[in-house]
Amino acid sequence: MVSVINTVDTSHEDMIHDAQMDYYGTRLATCSSDRSVKIFDVRNGGQILIADLRGHEGPVWQVAWAHPMYGNILASCSYDRKVIIWREENGTWEKSHEHAGHDSSVNSVCWAPHDYGLILACGSSDGAISLLTYTGEGQWEVKKINNAHTIGCNAVSWAPAVVPGSLIDHPSGQKPNYIKRFASGGCDNLIKLWKEEEDGQWKEEQKLEAHSDWVRDVAWAPSIGLPTSTIAGCSQDGRVFIWTCDDASSNTWSPKLLHKFNDVVWHVSWSITANILAVSGGDNKVTLWKESVDGQWVCISDVNKGQGSVSASVTEGQQNEQ
Amino acid sequence: MKLKEVDRTAMQAWSPAQNHPIYLATGTSAQQLDATFSTNASLEIFELDLSDPSLDMKSCATFSSSHRYHKLIWGPYKMDSKGDVSGVLIAGGENGNIILYDPSKIIAGDKEVVIAQNDKHTGPVRALDVNIFQTNLVASGANESEIYIWDLNNFATPMTPGAKTQPPEDISCIAWNRQVQHILASASPSGRATVWDLRKNEPIIKVSDHSNRMHCSGLAWHPDVATQMVLASEDDRLPVIQMWDLRFASSPLRVLENHARGILAIAWSMADPELLLSCGKDAKILCSNPNTGEVLYELPTNTQWCFDIQWCPRNPAVLSAASFDGRISVYSIMGGSTDGLRQKQVDKLSSSFGNLDPFGTGQPLPPLQIPQQTAQHSIVLPLKKPPKWIRRPVGASFSFGGKLVTFENVRMPSHQGAEQQQQQHHVFISQVVTEKEFLSRSDQLQQAVQSQGFINYCQKKIDASQTEFEKNVWSFLKVNFEDDSRGKYLELLGYRKEDLGKKHIKEEKEESEFLPSSGGTFNISVSGDIDGLITQALLTGNFESAVDLCLHDNRMADAIILAIAGGQELLARTQKKYFAKSQSKITRLITAVVMKNWKEIVESCDLKNWREALAAVLTYAKPDEFSALCDLLGTRLENEGDSLLQTQACLCYICAGNVEKLVACWTKAQDGSHPLSLQDLIEKVVILRKAVQLTQAMDTSTVGVLLAAKMSQYANLLAAQGSIAAALAFLPDNTNQPNIMQLRDRLCRAQGEPVAGHESPKIPYEKQQLPKGRPGPVAGHHQMPRVQTQQYYPHGENPPPPGFIMHGNVNPNAAGQLPTSPGHMHTQVPPYPQPQRPQNGWNDPPALNRVPKKKKMPENFMPPVPITSPIMNPLGDPQSQMLQQQPSAPVPLSSQSSFPQPHLPGGQPFHGVQQPLGQTGMPPSFSKPNIEGAPGAPIGNTFQHVQSLPTKKITKKPIPDEHLILKTTFEDLIQRCLSSATDPQTKRKLDDASKRLEFLYDKLREQTLSPTITSGLHNIARSIETRNYSEGLTMHTHIVSTSNFSETSAFMPVLKVVLTQANKLGV
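What you see is a predicted model; the values in this text were computed from it and never measured.

Parameters at a glance
Residues numbered from 1 in each chain as written. Chains lettered and ligands numbered in written order. Predicted model: local features only at pLDDT ≥ 70, side-chain atom pairs only at ≥ 80, totals over all residues. Heavy atoms only, no water. Helix = DSSP H or I, 4+ residues; strand = E, 2+ residues; numbered from the N terminus. Buried < 20%, exposed > 50% of the residue type's maximum accessible area, 1.4 Å probe, protein only. Areas by Shrake-Rupley, 256 points an atom, 1.4 Å probe, with all protein chains shown as cover. Pairing = 2+ DSSP bridges. Axes fitted to C-alpha atoms, helices over the stretch in contact; angles between N-to-C directions. Left-handed = near helix turned anticlockwise from the far one by under 90°. Contact = heavy atoms within 4.5 Å. Nonpolar A, V, L, I, M, F, W, Y, C, P; charged D, E, K, R; others polar. Phe/Tyr/Trp six-rings, centres within 6.5 Å; stacked < 30°, edge-to-face > 60°. Core = buried A, V, L, I, M, F, W, Y, C linked by side-chain atoms within 4.5 Å. UniProt positions renumbered as here; feature names shortened; annotations may be inferred. pLDDT = per-residue confidence, 0-100. Buried area = accessible area lost by both parts, 1.4 Å probe. Salt bridge = Lys/Arg side-chain N within 4 Å of Asp/Glu carboxyl O. Polar contact = N/O pair within 3.5 Å; in protein donor to acceptor, adjacent residues only side chain to side chain. Patch = residues over 30% accessible without salt bridge, like charges linked within 9 Å, V, L, I, M, F, W, Y side chains within 5 Å.

(A) Focus on the overall build of chain A. Looking only at helices and strands, chain A has 1 helix and 25 strands in total. Per-residue burial over chain A gives 64% buried out of 322 residues. Summing over all exposed atoms, chain A offers an accessible surface of approximately 11500 Å²; the carbon and sulfur share of this is 45%.

(B) Spotlight on the pairing of strand β13 (residues 139–145) of chain A. Bridging between strand β12 (residues 129–136) of chain A and β13 of chain A involves 7 bridges; their strand directions are antiparallel. Across the sheet, residue Thr133 of chain A finds its bridge partner in β13 of chain A, namely Glu141 of chain A.

(C) Region of interest: the sheet that holds strand β5 (residues 58–65) of chain B. All names here are of chain B. Spatially, the 4 strands line up as an open sheet ordered β2-β3-β4-β5, and their pairing is antiparallel. The strands lining the two open edges of the sheet, one partner per strand, are β2 (10–14) and β5. On average, each strand axis in the sheet is inclined to that of its neighbour by 20°, with strand direction left out of account. One ladder, built from 5 bridges, connects β2 with strand β3 (residues 23–28); its direction is antiparallel.

(D) Structural view of the packing of helix α4 (residues 436–451) of chain B against helix α5 (residues 454–464) of chain B. Residues and elements named next belong to chain B. One way to put it is that α4 packs onto α5 with a least axis distance of 8 Å and a crossing angle of 145°. As for how α4 packs across α5, the hand of that crossing is left-handed. Residues Arg441, Gln444, Leu445, Ala448 and Val449 of α4 form the contact with α5, whose own contacting residues are Phe454, Tyr457 and Lys461. Considering only residue class, the contact of α4 with α5 consists of 5 nonpolar, 1 polar and 2 charged.

(E) Representation of the packing of aromatic side chains within the structure. Residues and elements named next belong to chain A. On inspection of all chains with the given rule, the structure shows 25 aromatic pairs over all chains. Considering the side-chain rings of Trp61 and Tyr79, the 6.2 Å spacing of their centres and the 80° angle between planes classify their relative orientation as edge-to-face. Residue Trp61 is found in strand β6 (residues 60–65), and its partner Tyr79 is found in the loop between β7 (73–78) and β8 (83–89); the two are separated by 18 residues along the sequence. When its relative accessible area of 4% is taken as the criterion, Trp61 is described as buried.

(F) Highlighting unusual backbone geometry. Look at Ile151 of chain A: it is not a glycine, yet its phi comes out positive at around 55°. Note on placement: Ile151 of chain A falls in the loop between β13 and β14 (153–158). Given a relative accessible area of 2%, Ile151 of chain A falls into the buried group. A positive phi angle, near 60°, is found at Arg1027 of chain B, a position not held by glycine. On the secondary structure map, Arg1027 of chain B appears in the loop between α32 (1011–1025) and α33 (1029–1042). The class for Arg1027 of chain B is partly exposed, based on a relative accessible area of 48%.

(G) Local environment of the nonpolar core. Residue and element names in this part refer to chain B. Ranked by size, the top nonpolar core spans 81 residues in total, and within it Leu445, Trp610, Leu614, Leu633, Ile654, Ile687 and Leu747 carry the most contacts. Ranked by the residues each element gives to this core, the list is headed by helix α19 (residues 675–695), at 10 residues. Beyond its immediate sequence surroundings of up to four residues, Ile654 is in contact with Val473, Phe476, Leu477, Asn480, Tyr489, Leu662 and Leu688. Ala10, Leu72, Cys312 and Ile390 belong to the second-largest nonpolar core, a separate cluster that totals 79 residues.

(H) Highlighting the UniProt feature "repeat: WD" (unreviewed entry) in chain A. With numbering aligned to this structure, UniProt lists the feature "repeat: WD" (unreviewed entry) at residues 9–50, 53–96 and 208–243 of chain A. Structurally, residues 208–243 of chain A comprises 0% helix and 56% strand, and the distance from its first C-alpha atom to its last is 8 Å.

(I) The arrangement of the environment of Val1040 of chain B in detail. Residue and element names in this part refer to chain B. Relative to the elements of secondary structure, Val1040 occurs in helix α33. For Val1040, a relative accessible area of 33% gives the class partly exposed. Counting along the chain gives 27 residues from Val1040 to Ile1013, while the straight-line C-alpha distance between them is 8.8 Å.

(J) Examining the confidence of the model for chain B more closely. Residues and elements named next belong to chain B. Per-residue pLDDT for chain B averages 71, and the proportion of residues at 70 or more is 67%. Considering only residues more than four positions removed or in separate chains, one finds that residues 340–377, a stretch of pLDDT under 50, has 38 contacts. With pLDDT under 50 throughout, residues 755–953 is counted as low confidence; its partners more than four residues away or in other chains account for 355 contacts.

(K) How the structure looks around the interface of chain B and chain A. Each partner contributes residues to the interface: chain B has 95 residues there, and chain A has 110 residues. For the chain B and chain A pair, buried surface summed over both sides reaches about 8900 Å², with 60% attributable to carbon and sulfur atoms. Taken together, the links from chain B to chain A amount to 2 salt bridges. The tally of links from chain B across to chain A stands at 22 residue pairs in polar contact (both at pLDDT 80 or more). Those elements that place two or more of their residues in the side of chain B that touches chain A are β29 (336–337), β30 (379–380), β31 (394–399), β32 (403–408), β33 (426–432), α20 (705–720) and α22 (738–750) of chain B. No other element matches β33 of chain B, which puts 7 residues into the side of chain B that touches chain A. Looking at the side of chain B that touches chain A residue by residue, the classes come out as 48 nonpolar, 30 polar and 17 charged. The sheet contact formed by strand β1 (residues 2–9) of chain A and β33 of chain B spans 7 bridges and is antiparallel. Among the inter-strand pairings, Val2 of chain A is bridged to a residue of β33 of chain B, identified as Val432 of chain B.

(L) Molecular detail of the side chain of Lys385 of chain B. The topology assignment puts Lys385 of chain B in the loop between β30 and β31. We classify Lys385 of chain B as buried; its relative accessible area is 14%. Here Asp272 of chain B takes part through its side chain, which lies 2.8 Å from a polar atom of the side chain of Lys385 of chain B. If we skip the residues at most four places from it in the chain, Lys385 of chain B touches Tyr79 of chain A together with Asp272, Glu274, Leu275, Leu296 and Arg391 of chain B.

(M) Representation of the confidence of the model for chain A within the structure. All names here are of chain A. Of all residues in chain A, 89% have pLDDT values of 70 or greater, and the mean over the chain is 86. Across residues 166–170, where pLDDT falls below 50, the model places 4 contacts with residues more than four positions away in sequence or in other chains. Below pLDDT 50 for its whole length, residues 305–322 participates in 20 contacts with residues either more than four positions away or in separate chains.

(N) Focus on the environment of Asp151 of chain B. Residue and element names in this part refer to chain B. Residue placement: Asp151 occurs in strand β12 (residues 147–151). Once the C-alpha coordinates of Asp151 and Val138 are considered, the two residues, 13 residues apart in sequence, prove to be 6.5 Å apart. Residues contacting Asp151, with those up to four places away along its chain left out, are Asn136 and Leu137.

(O) Region of the structure containing a nonpolar patch on the surface. Residue and element names in this part refer to chain B. Residues Ile132, Phe133 and Met270 make up a contiguous nonpolar surface patch of about 270 Å² in total accessible area. Position of Met270 among the secondary structure elements: in the loop between β22 (263–268) and β23 (276–280). Relative accessible area serves as the criterion here: at 47%, Met270 is assigned to the partly exposed category.

(P) Here's a closer look at the sheet that holds strand β11 (residues 119–124) of chain A. Residue and element names in this part refer to chain A. Spatial strand order, β10-β11-β12-β13: 4 strands in an open sheet with antiparallel pairing. The sheet is open, and its two borders are formed by β10 (106–111) and β13, each paired with just one other strand. Averaged over neighbouring strand pairs, the angle between their axes works out to 20° when direction is ignored.

(Q) Spatial organisation of the pairing of strand β14 (residues 173–176) of chain B. Residues and elements named next belong to chain B. Of the two faces of β14, the one lined by Cys173 and Ala175 and the one lined by Ile174 and Trp176 are each fully buried. Inspection of the sheet shows β14 paired to strand β15 (residues 183–187) by 4 bridges, in the antiparallel sense. Looking at β15, one finds that Ile174 is bridged to Ser186. Hairpin connection between β14 and β15: a loop of 6 residues separates the two successive antiparallel strands.

(R) The side chain of His149 of chain A, seen in detail. All names here are of chain A. On the secondary structure map, His149 appears in the loop between β13 and β14. Overall, His149 belongs to the buried group, its relative accessible area being 0%. Engagement of the side chain of His149 in a polar contact is seen with the side chain of Ser184, the distance being 2.6 Å. If near-sequence neighbours (up to four positions away) are discounted, His149 is found in contact with Gly127, Ile129, Ser184, Gly185, Gly186, Asp188, Leu190 and Lys192.

Below, the structure written as structure tokens:
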């Protein structure tokens, strides 16, 4: 079910903190405590180092690819309190913009759905979330939500672009009236939902309260044309919750516990079709989860490094428990 | 950054890590007085609520105590993992007493909060620690070298770790080892530390630098390394922290000399062993790495000394410090801006002065920290090194194509192992496949399409069908690929032609026996009775009167026979009159059959008889209205029928070859979200499309919105399972819906085609700029400087050619041509083959798929990627391209050969001619008996019409100039209606009308319409010109009521529809 098709030796000199493929799944960006960001061409099972980006002065926590319609753009955020936007130009990657508007570690970056333009949300340990909007000629407009999460925002994740009142995007040429939303998770144990008001200001729309410890990651599920919105959140408390909102107008969200792990859960990631959730835990295990017909979340696979096969990882897991 | 503060002169204890929410307990500190000189003591519990941005801490409970405290700790005793029981507060008092409190009772406001107390110690109890392995074990230290081990399960009788050390001294610190549960350390102001082994019940090692200046104020074990501990000195002459390793206990391993004056307290983070807090009489709070000695952080504090400092066990970034100015402050070491908080603090302070005026002087107390406020920069930097708890060690992220990118880092090695630890920093890319059955079925479908083995495929599906309905559907689909599909449809509906034919012949024979012999003589009576009158009329050639007379006398048979002789018009009128009179059960059916008004049947039959209606349509309907009628029936079933009938509508749509409606109907009936149910649908759709391609050379290239959505959903699913090539093949390729074009581009590139942009600047065309039409308030109007290094899907002012599929030097327009003419399209096929060009999809115009399968793709065209799907692209072969350019590609040939008119010119577009009837190659056995029926009988007529249709059309005459205005006016009106109509149903109606008006044009070409009708039509056209549709409708009614029904029935009803719509839409 899960088979390793490519092993990339990143040659990072310290811990890797994030690895993200681009829109097409052909290039891999990694970042590390060694302060570097690397980009590999991984087409056809290969690994060609395209770029080794230096510029951060601390561990780099996350990388995020912008939608390719804007070119080849990668954002990275670091403990050095900076967000760097890198851009490829004539085959060379260069720093295009540096955002130094945070007072503490920037823990998460996430690009808005491409329909909105180039907008980057950044969550920081200073508790603030900043939103960088590209306004042309190399200029970025910054909006900041102060005190979004006391003592730190750990994750930001945009809601998919959905036009209100319709289940599927209308491919009409008209400019749809999008409502921009994103979710954030922080050290106040909360997941918060933010919405852009008509005056362009960001307002807290909702607090999702279920975790008893830091929220480590949030992931808003991609839209698959259904009216239900789904958010996955994971926490230091070992729990992963799936939040769903069936009725956009009432905006009521209800949590369902996916699983309680024995250790911190660091990361959650939805598959493109939004039916599988990859959960990365502090026990260095990655598990895949799927909602069964009766609405329960079931683990469908352990993903084990190097070996990849399910049986192997299950065996190892049992050994560990013994 | 300061988070909270409480104005208390107190000892502090955080709730255990398990506890949620986080509480901070404070107990009035012994040996300190605040400005009130109050000797009252209290135990208070505050909640740390970080979602509250103010500096206040919420007080949960206050308990007035008779004791003041030297030490306060909060143990997790009897706490379960859920934290339901909030442990036990253990306090060290002034008079040798240890008191156990129940914090949950304090919070509940209970009066009886003391669990137990014991005053076995001598002097103040300054040292307390809970064993982290056995939380019921508490160690305490007091004067006279007294150390007791308390078992909370049996609190009355403490144990001792061994004999008292000599000389007797105060025990200032005590700490359990963090790795080995039976090891305990104690320290005294004299500077000596003793390590006890409780199993041996004796001290095992004494640690001292013999300087006599170590005045131990703090002792802490290394969180990870069992043999290491630190000692802090309160002595201003030696304000150091010593790091000791018991494996080398003769001198300190490292000495941290970061404080200028004596250290009052230390705290080692359990979450990150590289973080040691210390506070001293130099009024500094430092966070250093005891493993290196480096100062990582200096907390911005006021000038007051702190005498107690604690990490929050649950929130590793939070710490609290108690200062001598009577305040407990809670800080975060992650830095951050205090701008938001500062204002509140000032507000709070100034507002609180009023009621904090213990001396009644009216003068507020000097604000101790206000001077700092201005001096202090509002931005507080975080730790120099990132704490361990924010270093994400593991991650897994999905990416396009069902790939999962994972990485993990072996747990951070302890500092000893750091040197030899050379980690491999690997990232793994895995393929995740979750829908095996889906993939294998998709694979089978692809194979069937590739091998053109549709009949086999359908048969397999029929055999495997679980339900009767499923079986029916597949049977219907299968019929499409067989000869005589209409006949087979009928069979499936339970009507066997052969049987009927036999019966028919039999009856004929029987009838013939009754025919009167034609040889005899007869009288011609011209008497005054009816017979006579008829005779007179006949003799004068006045058929009309004769017929009228017969009808009047109810001699129907005579009337009809006479009417036949009297010509078409008369016959039609007579038929009409006959039907008006006749009332038998099947009259309506006969009416419909004779009048060729199948619409009537379809529109008004009882839906329970849908099979019969469908059968009638199958038998009689003209090819060009066949689909529409099936559609109509399907629509009725769908809209009016119960759920069972609704599903049957699918069968009608299959007969009609209406893929779009099939999709709509199926989607309505089935839950389409599950991959397998989508697979169910796609299988049928793909097969039906193939059938339609085979039978109707045109019309296949257009993909409806709904179908396109389903197909792209399907392609998405396939892609998500890693079957990129298959996804490309299924993706509709002749649509300009942005989401599909995006998906195509994504799939192409995901396959590993060269990523344009970074290898080569030799892109043959200008890259797309940031699209102007993009939404997005600001960004939409600007572009990143030179970001347009690659073309993306077109948008805005560009006409949308789907030619954004980029591979090397392909002319971007090559794929963009709408396949209006297949031959044209292929002339633009790129000069070199693209192995996995999506044009090889199921949705291609027919010619593309007619490439003989024996054409294998040459080896050297294989891309380096393993192709997970068997789809080959025949386009790779130049020869096959040649073949494709010939319009009469192999498969149409086969159907052509069975077509009754083999002399048809090959390249001529047939339009409707080759539609269902033509395709089925209607065998002579079918049409013959009917033709041989009574001469002039309507059945034969129908077929004559059908058969003569091709020749007529091929030799189409132009519409006479004077009538051309009719065509242009009507078509123009329909276009106007179409452009303003919104709902799909109206659009379908209009489309249908546009087709049906061909009948009118044909009649105009043949000039068979009577002058009254044509002039009436011209009147209507004029009223359309003036947009007076109601007038047009009136004229319409007039024409219909005055003209011969059979002459106008083919087009007048639709004209009415158009006029009505135009009136409604007000175009």
